[in-house]
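Each chain is listed here by its residues.
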Amino acid sequence: MTRNPPEDGYRIGAVSRMTGIALPTLRMWERRYKVVTPLRTPAGGRIYRREQVARLALLHAAVQAGHQIGSVVTLTDAQLQERIRGGLGDRAGSAPSRIAVIGPALPALMLSSEVADPTVELVAQFDDISEAGELADAGLDALILELPTFHADDLEAVLDLIRQTGARLNIVVYAFTNRKLLRRLDLMDVLCVRAPADIPQLLRLCRLAQACGGDAGAPVRPRDDADDAVVPPRHFTDTQLQKLGALNSSVQCECPQHLAMQIASLAAFERYSSECEVRSPDDLSIHKMLNQASAKARHTLETALKKLLTAENIQV
């Protein structure tokens, strides 16, 4: 039955990226093994609750540890955890997941003997984001931020820290906030968990961050299922474009200069729209669309300019 999805749910593309499960595999698991039953939007799109994402990540880790999905799908989370521990223990040289925890209470809770987990190593703990310091070289698998209250003016500090650490998995544990901020973090593949958090579950997710792999240090970018295209990187710097704009060309219509000016203008708007994504959560989807459209147009003109420079033997 189709129901109105919760605003804090995850769409299938985000779930695939967060869990490491390929989209065809995820659909097959649902169809064949009924691993989870997501809600449906009026248009038929899948919406996953946070606990379903955690369950899927756990199942994927079990498969990565060498178990067939059909043999583990009926197991409880605790049983899956034991299977994963056994699989990880058989791997020569397997190291614990490296995590950092920031918050007033979570660091102490995660160090307690009741939930101690030898497969997770707490390498850094701080009471507040402002005390976190430099974590860029910590090689984190997971970063957990405890924010009893999370306001719009806290967002930039949170995003800066996430970008700085480059952890594979980022979790925000919150008590009070608004849905717009949660949606903003969801679009960036940040897992949001309402307090009080289940500490064993947090530890399990941290361990799965390592088991699921992924590139640490990847930039945090807003994403949704409407357009999963990666924004193409720039080929020409602002300085190069300025130099091209001042060149004398053998082409009478001065195409290199005009193209350089157009690319510079598109690049500037691309930066502007990207900044608006952060500053205007209400218009996030619109500014994201504008950012992607300008990036694609810029990339098309850059390709044309590269060919033109080759034809004219111009070096930049």
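Residues numbered from 1 in each chain as written. Predicted model: local features only at pLDDT ≥ 70, side-chain atom pairs only at ≥ 80, totals over all residues. Heavy atoms only, no water.

(A) Examining the overall build of the protein more closely. Regarding its fold elements, the protein presents twelve helices and eight strands. Within the protein, contacts between residues separated by at least 24 positions form 68% of all contacts whose residues are at least 6 apart in sequence. (Helix = DSSP H or I, 4+ residues; strand = E, 2+ residues; numbered from the N terminus. Contact = heavy atoms within 4.5 Å.)

(B) Region of the structure containing the nonpolar core. If you look at the biggest cluster of nonpolar residues, it comprises 42 residues, and the most contacted ones within it are Ile 144, Ile 171 and Leu 202. Sorting elements by how many residues they give to this core places helix 3 (residues 50-64) first, with seven residues. Membership of the second largest hydrophobic core comes to 26 residues, among which are Ile 129, Leu 143, Leu 145 and Leu 147. (Core = buried A, V, L, I, M, F, W, Y, C linked by side-chain atoms within 4.5 Å. Buried < 20%, exposed > 50% of the residue type's maximum accessible area, 1.4 Å probe, protein only.)

(C) Main features of the confidence of the model for the protein. On average, residues of the protein carry a pLDDT of 76, and 78% of them reach 70 or more. The low-confidence segment residues 1-7, where pLDDT is below 50, has 14 contacts with residues more than four positions distant or belonging to other chains. Long-range and interchain partners of residues 214-229, a stretch whose pLDDT sits below 50, account for 35 contacts in this model, where long-range means more than four residues apart. (pLDDT = per-residue confidence, 0-100.)

(D) The sheet that holds strand 8 (residues 191-194), seen in detail. Judged by pairing direction, the sheet is parallel, and its five strands sit side by side in the order 5-4-6-7-8 without closing on themselves. Among the strands making up the open sheet, the edge pair consists of strand 5 (120-126) and strand 8. Averaged over all adjacent pairs, the angle separating strand axes in this sheet is 20°, with direction ignored. As judged from the six bridges shared by strand 4 (residues 97-102) and strand 5, these two strands associate in the parallel manner. Of the residues in strand 5, the one forming a bridge with Ile 102 is Phe 126. (Pairing = 2+ DSSP bridges. Axes fitted to C-alpha atoms, helices over the stretch in contact; angles between N-to-C directions.)

(E) Quick peek at the sheet that holds strand 2 (residues 39-40). Within the open sheet, the three strands sit side by side as 1-3-2. Their pairing is antiparallel. Bordering the open sheet on either side are strand 1 (10-11) and strand 2, each of which pairs with just one other strand. By the bridge criterion, two bridges tie strand 1 to strand 3 (residues 46-48) in an arrangement that is antiparallel. Its bridge partner being in strand 3, Arg 11 is matched across the sheet by Ile 47.

(F) Expanded view of the pattern of salt bridges. The full count for this structure, using the stated rule, is seven salt bridges. Taking the shortest distance from any N to any O, the salt bridge between Glu 51 and Arg 49 comes out at 2.7 Å. According to the relative accessible area criterion, Arg 49 is partly exposed, its value standing at 34%. Note that Asp 77 is salt-bridged to Arg 55, the shortest N-O span being 2.7 Å. Of this pair, Asp 77 sits in helix 5 (residues 77-89) while Arg 55 sits in helix 3, and the two are 22 residues apart along the sequence. Assessed through its relative accessible area of 28%, Asp 77 is described here as partly exposed. Residue Arg 55 is classed as buried on the basis of its relative accessible area, which comes to 15%. (Salt bridge = Lys/Arg side-chain N within 4 Å of Asp/Glu carboxyl O.)

(G) Here's a closer look at the layout of surface pockets. Roughly 230 Å³ of volume is contained in the second largest pocket. Arg 50, Glu 51, Cys 192, Val 193 and Arg 194 are, among the 14 residues lining the second largest pocket, the residues nearest its centre. Among the elements of the structure, helix 3, strand 8 and helix 9 (199-211) are those that each provide at least two residues to the lining of the second largest pocket. Considering every element that reaches the lining of the second largest pocket, the biggest residue donor is strand 8, with four residues. Classifying every residue of the lining of the second largest pocket by side-chain character gives eight nonpolar, one polar and five charged. (1 Å grid on protein atoms, 1.4 Å probe; cavity = no way out; pocket = protein on both sides within 12 Å on 5 of 7 lines; lining within 4 Å. Points joined across faces, edges and corners; volume = space filled by probe spheres on them. Nonpolar A, V, L, I, M, F, W, Y, C, P; charged D, E, K, R; others polar.)

(H) The arrangement of the environment of Gly 13 in detail. If you trace the backbone, Gly 13 turns up in helix 1 (residues 12-19). In this structure Gly 13 comes out as buried when scored by relative accessible area, which is 4%. Sequence separation between Gly 13 and Arg 46 is 33 residues, and the spatial gap between their C-alpha atoms is 9.4 Å.

(I) Representation of the pairing of strand 7 (residues 169-176) within the structure. Across the eight residues of strand 7, six count as buried, placing the element largely inside the fold. With seven bridges joining them, strand 6 (residues 142-149) and strand 7 adopt parallel strand pairing. Paired with Glu 146 across the two strands is Val 173, which belongs to strand 7. Crossover strand 7 to strand 8 through helix 8 (residues 179-187) is right-handed. (Right-handed = clockwise from strand over helix to strand, strands pointing away.)

(J) Representation of the packing of helix 1 against helix 3 within the structure. Their axes nearest at 9 Å, the elements helix 1 and helix 3 cross at an angle of 45°. Relative to helix 3, the element helix 1 is oriented oblique. Where helix 1 crosses over helix 3, the handedness of that crossing is right-handed. Contacts between helix 1 and helix 3 pair Val 15, Met 18 and Thr 19 from the former with Val 53, Leu 56, Ala 57 and His 60 from the latter. (Parallel < 35°, antiparallel > 145°, perpendicular 65-115°, else oblique. Left-handed = near helix turned anticlockwise from the far one by under 90°.)

(K) Up close: the side chain of Glu 302. Examined against the element boundaries, Glu 302 turns out to sit in helix 12 (residues 284-312). Ignoring anything within four residues of it in the chain, the contact list for Glu 302 reads Pro 233, Arg 234, His 235, Phe 236 and Ile 263.

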